[in-house]
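This is what each chain is made of:
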Amino acid sequence: MAAIWWMMRVAWLALALSLGAGPLQAQGLPGLSQTGTQTPPQTAIQASGADPLAETLRRAAEAGVPVIVVDAAGKVVASTDPGVTGPAIKTGKSSDAMMGDSVLMKMQDQAATFRATLRERLDALPNSINEVAFILRATSPDGRIQTYVEAVVFTILLFILGRIAASQIYGKRIVRVYVVSRIRQAPQGYSEKMPFLVFRFVMGVIGTLFAMLVAYVVGYLIFGPVDDLSLQLTIAALYTGYFFWSVLADLWRMILSPFLSQYRIPRFSDADAKKLYRWAIYVALFDFAVVGFATWLSDFGLNYNLYAVVYGVLALVGMLANVALILFNRRAITGAILNGREPGAVSWIVRTLSVVWAPAVIAYVIFGWLELAFDLVLEQPTSIPLIAGAYGVFLSIIVVYGLINFVIERAFQRSRALSALRQASETGSRDGDTGPAAPPVARTLSTFEELARRVAGILAFVAGAYAMLRIWDSENMLLQESMVDRALDVVVIVFIGYIVYHAFRIWIDSKIAEETGDQPETELGDEGGVSSASRLATLLPLFRNFILIIVVVSIGLMALLELGINVSPLFAGAGVVGLAVGFGAQTLVRDIFSGAFFLIDDAFRKGEYIDIGSVKGTVEKISVRSFQLRHHLGALHTIPFGDIQVLTNYSRDWVIMKLPLRVTYDTDVEKVRKLIKKLGQDLLSDPVIGKTFIQPLKSQGVIEMQDSAMIIRVKFMTKPGDQWLVRKKVFEEIRELFEREGIKFAHREVTVRIADEKAKDLTPEQREKVTGAVQAALDDGAFDNMPMGGDDR
């Protein structure tokens, strides 16, 4: 249209020159008002100053329109086309010079142009208002501007009547029974909340259409058909804006659920949800009104000065309203981002987002208005306002994320039910133990459902970022850059690697959990651990680390290849480095290979109690070159595999525990044997330790005679790790049994023989010497090192 306008302009001037006309008059020229007022600067010719023909040709050349002017004889008078012979027209700074300007100089030129153009538009605004009033009177069916105002007012009143009818007829008498019957008292998750929310949203959209239909029918019956095109355009703009605003209000109602808190997915209180809902719909109403009014002005073809100024001022008010919405609801939205948790209990990404979202959104809203004002003043093409585009992207992300989570919950519904049953059984087995609650901590992904939710969130964010990029870069100039394209490929590779690694890790962790099972609880300080982990559960953590290394290295190499870096020297360098490490770190290589063979031979597993000569304890952790032993007194030992010479495993197959008992010499040994045998049979039916016995408790008879006691030994066989619990119970039962049966335990005694003298005839000095000898024997620990039980058979 601009090119056609300039062609008409140049043709008119050429005709005037060829006829020998004098100074050009404003009347009759396209682009000038009938009252002689000046049109916008881009389309007007200054009445004074430069030659009108040269000025017009210069402006046409700046607009990119090739112009050739010939006289009555057909001779070229002037031309902007370099391929046509004739005097060239100077159009300001050459393109070569512009290409050589720095970014700062270009920004300065644009700022100067913006200021000058804005000043010209403001100076021409009073005349522009008169021109708009003239055009509106000319297009009005009865010649009055108030006709458009009346059409707007009556249409709004009809909308109010339609909403009342939709509420009383459609809402209460038609769909209420269907909506109320679907309400649950305590729905859980997306799978139970989303169907109702979507159903209510669809019913709301249908209610909006019902209200619009009522408004149209009532308006038709009262005012009759509208034949005037200008009024049709006005009413159509109002109906379109009302429909989209109502749909947006229903969408916000679906997201925030301000009046049904049990269906609210984001973590908002009732007061915060209602407050944010009202702010959102009223600010959206104003934004739709601004965009609709500006579109109406543009479609009418009214004066551009007035269009730009009115649109810019109303958009400024809308920008301030959006900033107020953010500031007044910042606390509630931050809490929803944190999902009601403390900042320390979430990941660093969520924590950072909860801090920077408000300043970032405010800066975006302000910059969006500045961009719109710049385009309006310089009369550059404007499509979707950046603020409206951001709202659309935001709502699309939320809706898409909710739908994806609904699909994920439905897909993992069975596994979630099994997990809930397992947790319920574990809670019931604790017998109502309500200890202090553990502080909330950020945890890693543990199920495929959580991984799917994380991937859904990332994909929703990527889709929103891409849509935002398309709004800012509508001509797709940025994505055509080679570095940006390569960077996007690297991001995709890293994202795929992230999914692959976590998928393998979750699968391995689930297998470890299956292999480990429910470990019985034991007290700290017991010699030996509980039942050991399986061989697969021992090797899987190492395999998980191996997968991590493979994924990281593969992703790194693929990223380098995408960036155009040759990775062949890296492989050669890795070979050289490996050879150097092999020669220079022989101890490390020995530890790694020794550990590999120990694990291949299944010499020990995680959770087993082993003795390597110098230290002993329960295996807690196994790495590539070493493992850690937890001593039963609490010390943690780290031992390289290469230092192991002999390894004794106390946690395989079965364990025999032998207990020596010191009794007096007058004890009936046969009676003790029968009592111990009967006790062993009774312990087999014990509800706590009965199932742990492999062989029952029995007596081995007298195995040693000491100075002050007979040593009777008893033994039993249990599963590895259970012998310590059984030993406690056996000692307790034997003490009670001997007390009931009158069997006495022998105590340590020291016998002092005095030659040729009687004890009663000892002097005080001799008695003191005897006491000193006994004390010396006790202090030297003579009884502590005495053998207990002869051989160990």
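These numbers were taken from a predicted model, which means no experiment stands behind them.

(A) Representation of the environment of Arg748 within the structure. Mapped onto the elements, Arg748 comes out in the loop between helix 20 (723-741) and helix 21 (764-779). The exposure class assigned to Arg748 is partly exposed, which follows from its relative accessible area of 39%. Separated by 39 residues in the primary sequence, Arg748 and Ala709 place their C-alpha atoms 8.1 Å from one another.

(B) Fine view of the nonpolar core. Counting residues in each nonpolar core, the largest one holds 70 residues, and the members touching the most others are Leu136, Trp252, Leu256, Phe268, Tyr307, Tyr311 and Leu376. Look past the residues within four positions of Trp252 in its chain and what remains in contact with it is Ser257, Tyr277, Ala280, Phe394 and Leu395. Judged by nonpolar contacts, the second largest core, of 23 residues, contains Leu683, Met710, Val714 and Leu737.

(C) Layout of the packing of aromatic side chains. In this structure the tally under the stated criterion is 18 aromatic pairs. Their ring planes at 25 degrees and their centres at 5.8 Å tell us that Tyr170 and Phe210 sit as a pair that is stacked. On the criterion of sequence distance, the pair formed by Tyr170 in helix 5 (residues 146-180) and Phe210 in helix 6 (residues 189-223) is long-range, its members being 40 residues apart. Note on Tyr170: relative accessible area 9%, which makes it buried. On the basis of relative accessibility, which here comes to 24%, the residue Phe210 falls in the partly exposed class.

(D) Region of interest: the packing of helix 10 (residues 330-338) against helix 11 (residues 348-377). At a closest axis distance of 9 Å, the pairing of helix 10 and helix 11 adopts a crossing angle of 155 degrees. Overall, the two elements helix 10 and helix 11 adopt an arrangement that is roughly antiparallel. Seen from above, helix 10 lies across helix 11 with right-handed handedness. Contacts between helix 10 and helix 11 pair Arg330, Ile333, Thr334, Ile337 and Leu338 from the former with Val350, Leu353, Ser354, Val355, Trp357, Ala358 and Pro359 from the latter. A class-by-class count of the residues in the contact of helix 10 with helix 11 yields nine nonpolar, two polar and one charged.

(E) Molecular detail of the pairing of strand 10 (residues 710-718). Where burial is concerned, most of strand 10 is hidden: nine out of the nine residues are buried. Judged by which residues are buried, strand 10 turns out to be covered on both faces: Met710, Ile712, Val714, Phe716 and Thr718 on one side and Ile711, Arg713, Lys715 and Met717 on the other are all buried. Where strand 8 (residues 655-663) lies against strand 10, nine bridges are found, and the strand directions are antiparallel. Looking at strand 10, one finds that Lys658 is bridged to Lys715. Direction of pairing for strand 9 (residues 693-705) relative to strand 10: antiparallel, over a ladder of seven bridges. By the bridge assignment for strand 10, Val702 is matched with Ile712.

(F) Fine view of unusual backbone geometry. The phi torsion at Ser257 lies on the positive side, around 45 degrees, for a residue other than glycine. Tracing the backbone shows Ser257 in the loop between helix 7 (229-256) and helix 8 (270-299).

(G) Fine view of the sheet that holds strand 10. Taken in spatial order, the three strands line up as 8-10-9 in an open sheet, and their pairing is antiparallel. Where the open sheet ends on each side, the last strands, each with one partner, are strand 8 and strand 9. Each strand of the sheet is rotated relative to its neighbour by a mean of 20 degrees, with strand direction disregarded. Packed on one face of the sheet, helix 19 (residues 669-683) meets strand 9 and strand 10 and runs near 165 degrees to strand 9. In this fold helix 20 packs onto strand 8, strand 9 and strand 10, with an angle of close to 25 degrees to the strand it touches most, strand 8.

(H) Focus on helix 10. Listed as buried for helix 10 are Ala332, Ile333, Thr334, Ala336 and Leu338. The inward-facing, buried residues of helix 10 contact helix 8 and helix 11. Phi turns positive one or two residues past the end of helix 10, at Asn339, with a value near 60 degrees.

(I) Broad picture of the confidence of the model for the protein chain. Residue-level pLDDT values for the protein chain average 74, and 70% of them are 70 or greater. Looking at the elements of the protein chain, mean pLDDT is at its lowest for helix 1 (residues 2-18), recorded as 39, and at its highest for helix 6, recorded as 90. In this model residues 85-99 is a low-confidence stretch, pLDDT under 50, and it forms 20 contacts with partners more than four residues away in sequence or in other chains. Overall, residues 785-793 carries pLDDT values under 50, and its contacts beyond four positions in sequence, including any with other chains, amount to 20 contacts.

(J) Examining the sheet that holds strand 3 (residues 609-611) more closely. Pairing is antiparallel in the open sheet, where five strands are placed in the order 6-5-4-3-7. Only two strands of the sheet have a single neighbouring strand rather than two, namely strand 6 (636-640) and strand 7 (648-649). Sheet topology places strand 3 next to strand 4 (residues 616-622); three bridges connect them, and they run antiparallel. The residue of strand 4 that forms the bridge with Asp611 is Lys616.

(K) Expanded view of the pairing of strand 6. Examined bridge by bridge, strand 5 (residues 626-630) and strand 6 share five bridges and lie antiparallel to one another. In the sheet register, Leu629 faces strand 6, and the bridge partner there is His637. Hairpin connection from strand 5 to strand 6: five residues lie between these consecutive antiparallel strands, with Gly634 at a positive phi of about 110 degrees.

(L) Structural view of the side chain of Lys715. By the secondary structure assignment, Lys715 is in strand 10. Under the relative-accessibility criterion, Lys715 is labelled buried at 18%. Those residues in contact with Lys715 that lie beyond four places of it in its chain are Ile656, Met657, Lys658, Pro696, Leu697, Lys698 and Gln700.

(M) Just the packing of helix 19 against helix 20, in detail. Where helix 19 contacts helix 20, the two axes come as close as 11 Å, and the packing angle between them is 135 degrees. Between helix 19 and helix 20, the angle is such that the two are oblique. Like other packed secondary-structure pairs, helix 19 and helix 20 cross with a definite hand, here right-handed. Mapping the contact onto sequence places Lys671, Val672, Leu675, Ile676, Leu679 and Leu683 in helix 19 and Lys729, Val730, Glu733, Ile734, Leu737, Phe738 and Glu741 in helix 20. Tallied by class, residues from the contact of helix 19 with helix 20 come to nine nonpolar, no polar and four charged.

Quick notes on the rules
Residues numbered from 1 in each chain as written. Predicted model: local features only at pLDDT ≥ 70, side-chain atom pairs only at ≥ 80, totals over all residues. Heavy atoms only, no water. Helix = DSSP H or I, 4+ residues; strand = E, 2+ residues; numbered from the N terminus. Buried < 20%, exposed > 50% of the residue type's maximum accessible area, 1.4 Å probe, protein only. Core = buried A, V, L, I, M, F, W, Y, C linked by side-chain atoms within 4.5 Å. Contact = heavy atoms within 4.5 Å. Phe/Tyr/Trp six-rings, centres within 6.5 Å; stacked < 30°, edge-to-face > 60°. Axes fitted to C-alpha atoms, helices over the stretch in contact; angles between N-to-C directions. Parallel < 35°, antiparallel > 145°, perpendicular 65-115°, else oblique. Left-handed = near helix turned anticlockwise from the far one by under 90°. Nonpolar A, V, L, I, M, F, W, Y, C, P; charged D, E, K, R; others polar. Pairing = 2+ DSSP bridges. pLDDT = per-residue confidence, 0-100.

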